[in-house]
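Residue-level listing of the chains:
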Amino acid sequence: MAVASLLLIIIGSRRTPRSCRNFPLEQSCPSSEQTCVSREKLQSFSSRNSNRHKSPPSPYLLSQLQEYEQHHKRCDPLSKPFDRTSQELVRVKKSPDSLDCRYIVFTPGNDELATTMLSLSSSFLYALLTDRVLLIDFDPSMLGLFCEPFRKSTWLLPGEFTFRDRASSAEFRQVFSLGNLMRKQNQKQDQKLQADTASLLFLYLSMDYDDYDKLFYRDETQELLKNVPWLVLRSEQYFLPYFFLLPCFRTELDKLFPDDKETVFHHLGRYLFNPSNQAWGAIARFYDDYLAKAEQRVGLEIKVGNPYETPPSLMLPHILKCIQEESKILPRLQQNNTTTRTTILPSFRRKTSKVILVESLLPEFYSELKNMYSTRPIADGEGSVSVRVYRTSSHEGMQESDRNYHNMKALVDVYLLSMCDVLVISPFSTFGYVASGLAGLNPWFLKNPGDYETKPLEPACRRAVSPEPCFLFHPGEYVPNAVHHCRGRLGPVPVILYCEDFVFGFKLGNLKC
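This write-up is about the structure you can find in this document. A quick note: this is a predicted structure, and the numbers were derived from the prediction, not measured.

**Thoughts on the pattern of salt bridges**
Between side chains of opposite charge, a pair can form as their charged atoms come close. For the structure shown, the criterion picks out eight salt bridges. A salt bridge links D254 to R250; its shortest N-O distance comes to 3.6 Å. One end of the pair is D254 and the other is R250, both in helix α10 (residues 247-256) and four residues apart, which spans about a single turn. Accessibility expressed as a relative area gives 30% for D254, which makes it partly exposed. Overall, R250 belongs to the partly exposed group, its relative accessible area being 23%.

**Section: unusual backbone geometry**
A negative phi holds for most residues other than glycine; trans holds for most peptide bonds. Positive phi values are uncommon outside glycine, yet K152 reaches one of about 60°. Secondary-structure assignment places K152 in the loop between β2 (133-136) and α6 (163-167). The backbone phi angle of K328 is positive, close to 55°, even though this residue is not glycine. Structurally, K328 is set in the loop between α13 (312-326) and β6 (352-360). Note on K328: relative accessible area 62%, which makes it exposed.

**Quick notes on the packing of aromatic side chains**
Under the counting rule described, the total for this entry stands at 29 aromatic pairs. Both rings, one in F150 and one in W155, keep their centres 5.9 Å apart while their planes meet at 90°; by these two values the pair is edge-to-face. In this structure, F150 and W155 share a single accessibility class: buried. Aromatic ring contacts, followed pair by pair, group Y126, F216, Y217, F239, Y242, F243, F249, F471 and F506 into a single cluster.

The rules behind these values
- Residues numbered from 1 in each chain as written.
- Predicted model: local features only at pLDDT ≥ 70, side-chain atom pairs only at ≥ 80, totals over all residues.
- Heavy atoms only, no water.
- Salt bridge = Lys/Arg side-chain N within 4 Å of Asp/Glu carboxyl O.
- Helix = DSSP H or I, 4+ residues; strand = E, 2+ residues; numbered from the N terminus.
- Buried < 20%, exposed > 50% of the residue type's maximum accessible area, 1.4 Å probe, protein only.
- Phe/Tyr/Trp six-rings, centres within 6.5 Å; stacked < 30°, edge-to-face > 60°.

Printed below as a string of structure tokens:
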């Protein structure tokens with residue numbers, strides 16, 4: 001299919017004036033803006049629990065967010081600059097006239113909520129760094145979960161655009177991908193690269209990207225992309241840590257995050273991902289009913305890849321070892337319950353109240369923990385503690401991420417975990433990454449499920465040095481200079497650390513070589 005024909009399909013063969021009917025949800029239209037209850041309530045919650053966060057957002061970050069909102073409003077899908085830039089799509093080659101607005105359209109790499117939140121926050125930081133306007137081509141299962149982050153505007157792509165469906169096709173990637181353009185240039189060494197004259201380029205940054213796609217993470221490539229009006233980005237990764245390795249972004253990033261590099265996702269996530277009024281209602285009711293009165297809230301997120309290979313009965317002793325002995329988050333219990341409750345002398349000492357919030361697709365963990373802490377006495381020497389166990393709503397046996405209802409419940413669960421005071425999460429869990437990042441807490445990582453039998457004597461968990469998510473599948477071959485260890489850190493940039501749960505990944509942090 002010709003390039004021009006494919007672009008006409010993307011934007012529709014007939015241009016029609018846009019109104020609220022063109023948006024996926026009517027409440028997403030700027031003229032029908034609703035009050036976002038969670039935006040104010042979450043700010044209040046954060047101020048009451050400010051001791052958990054390393055630092056507030058920098059004044060420069062706040063000023064840049066305000067400038068971005070104004071820029072987004074000038075260029076949003078109801079604006080004239082959007083119409084003018086959209087016409088560039090059917091020209092195939094960019095016109096020589098300068099355009100008022102440049103866009104980056106985010107298309108999720110999959111339908112999972114947590115991975116979408118991680119890659120979307122990375123895309124937004126890229127928009128800030130490159131003076132672009134971020135628009136989202138959401139799957140219907142993701143609609144209605146969040147408030148619009150940019151007041152009196154929308155970040156949703158109008159309904160007549162169909163980037164999401166087209167970006168899944170091999171034809172779209174073949175014609176528009178940056179990686180394919182780089183591949184062709186490599187095959188024709190004497191031909192000048194024409195990326196700076198294109199009207200649209202596709203950035204494929206998913207986990208299975210190839211070496212040519214990874215050339216996105218180079219200074220010279222970023223220079224080529226500056227004048228492309230439309231970038232379509234597809235990913236399910238938290239890829240923003242690599243920006244800190246690129247000289248072209250380092251100066252601006254040091255101004256945005258001058259002192260605390262381990263709260264990047266925390267500040268961006270709190271800004272972007274305010275739950276919709278429907279989701280916030282469920283979050284607030286659960287928190288008030290079960291969590292608010294506890295003196296300590298413990299979030300336990302357990303992800304099991306294959307329950308037949310690693311059954312809960314094998315994992316539970318290690319989980320107990322982590323939360324009772326190694327981290328000492330929860331009190332130990334008497335091993336043999338020979339003393340019944342009727343013979344235990346009443347204590348008039350004030351008890352410290354703790355709550356465990358269990359999030360897992362398998363109900364066995366909640367059932368076992370609830371039974372243990374409701375029927376067995378606290379061990380001697382553990383102090384006067386009362387422990388209650390609750391579960392989130394995700395005990396469905398398997399994740400059905402293509403359902404909007406499931407994603408709504410997942411959003412409720414991840415925010416409830418983020419409201420806990422201590423987090424114990426599974427390795428490689430993007431759900432746990434999001435909860436820890438939103439909370440601004442360094443989580444405890446449970447050991448890899450594959451190590452429960454092969455490495456039974458190793459510690460059951462270890463504390464993270466940073467709440468930042470891990471960039472799991474980064475383009476390691478393009479790290480400036482050689483990647484080397486510096487007491488567990490990655491050089492030469494001191495804010496880049498190795499991930500605790502994945503030796504080949506890296507993350508942001510504050511430790512220095």
